[in-house]
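# Chain and residue survey
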Amino acid sequence: MKLIAIVCAALFLGINSISAQENKDVDQKTTIKKVVTKDTTVQTKVIKETDTEVGVVVVEGNEKEDQNTNVVTRKVDDKQVVVDDVSEDANNKAMQEEIARKKKLELEASIKAEKEKAEREKAALAAIKEAQLKEMEANRQRLEHRPKGMAKLQKDN
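Everything in this summary refers to the structure shown in the same document.

## Notes on the pattern of salt bridges
- Across all of its chains, the model carries three salt bridges by this definition.
- Lys-79 is the salt-bridge partner of Glu-49, the closest N and O atoms lying 3.9 Å from each other. Of this pair, Glu-49 sits in strand β2 (residues 41–59) while Lys-79 sits in strand β3 (residues 69–88); the two residues are 30 residues apart in sequence, bridging distant segments of the chain.
- Here Arg-101 ties to Glu-98 by a salt bridge, and the two come within 2.5 Å at their closest N and O atoms. Here the residue Arg-101 and the residue Glu-98 both occupy positions in helix α2 (residues 90–144), the gap between them amounting to three residues, near one helical turn.

## A few points about a nonpolar patch on the surface
- Together, Leu-3, Val-7 and Leu-11 make up a nonpolar patch on the protein surface, roughly 300 Å² of accessible area in all.
- With respect to the helices and strands, Leu-3 occurs in helix α1 (residues 2–19).
- In this structure Leu-3 comes out as exposed when scored by relative accessible area, which is 61%.

## Side note on the side chain of Thr-50
- Inspection of the secondary structure assignment puts Thr-50 in strand β2.
- Using a relative accessible area of 6% as the deciding quantity, one classes Thr-50 as buried.

Calculation criteria
- By convention here, each chain's residues receive numbers from 1 onward along its written sequence.
- Where totals are concerned, whole chains, interfaces and linings use all residues; where local detail is concerned, this predicted model gives features only for residues with pLDDT of at least 70, and gives and counts side-chain atom pairs only at 80 or more.
- The basis for the side-chain values is all heavy atoms of the structure; hydrogens and waters are excluded.
- Think of a salt bridge as a Lys or Arg side-chain nitrogen and an Asp or Glu carboxyl oxygen that are within 4 Å of each other.
- Each helix is a run of H or I in the DSSP string that is no shorter than four residues. Each strand is a run of E no shorter than two, and both are numbered from the N terminus.
- For patches, a residue must show more than 30% relative accessible area and have no salt bridge; joins then use 9 Å for like charges and 5 Å for nonpolar side chains, namely Val, Leu, Ile, Met, Phe, Trp and Tyr.
- Under the convention used here, a 1.4 Å probe and the Shrake-Rupley method define accessible areas, while residue burial counts only the protein chains that appear.
- For every residue, the accessible area (1.4 Å probe, protein chains only) is compared with the maximum for its type, and the residue is labelled buried under 20%, exposed over 50%, or partly exposed between those bounds.

What follows is the structure, encoded as structure tokens:
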């Protein structure tokens, strides 16, 4: 039991002396981006970007003072998607359906108005044509009327 305690103490001191020779400097920058795209579906994506720069100061394992140090720098870029969510936006969907319904009603009303306008123009043209036909018939009667004693006109066949 005493031997196990001594071995554990030796290991503990050995590990502490080894780790005491390294000094780590960690510079970590985290950027969180949230991207939201709205339409009838809302797409939410949260992206966490981490730029980590680990600098390790390595010193030789002897007992000299004012030793030369060696700095080893390692750069790690990490990009992970934290939230990737797609959901329905009922308000936008209802508003789009309402706009589509209004446009359809406006289109139908416009078509109806154009048809009524065309009917009015057609009736006006028919009335003008009828008046022209009556005037032409009156002119024909006036031209065909001959005074007494004059021979009637012959129609060319």
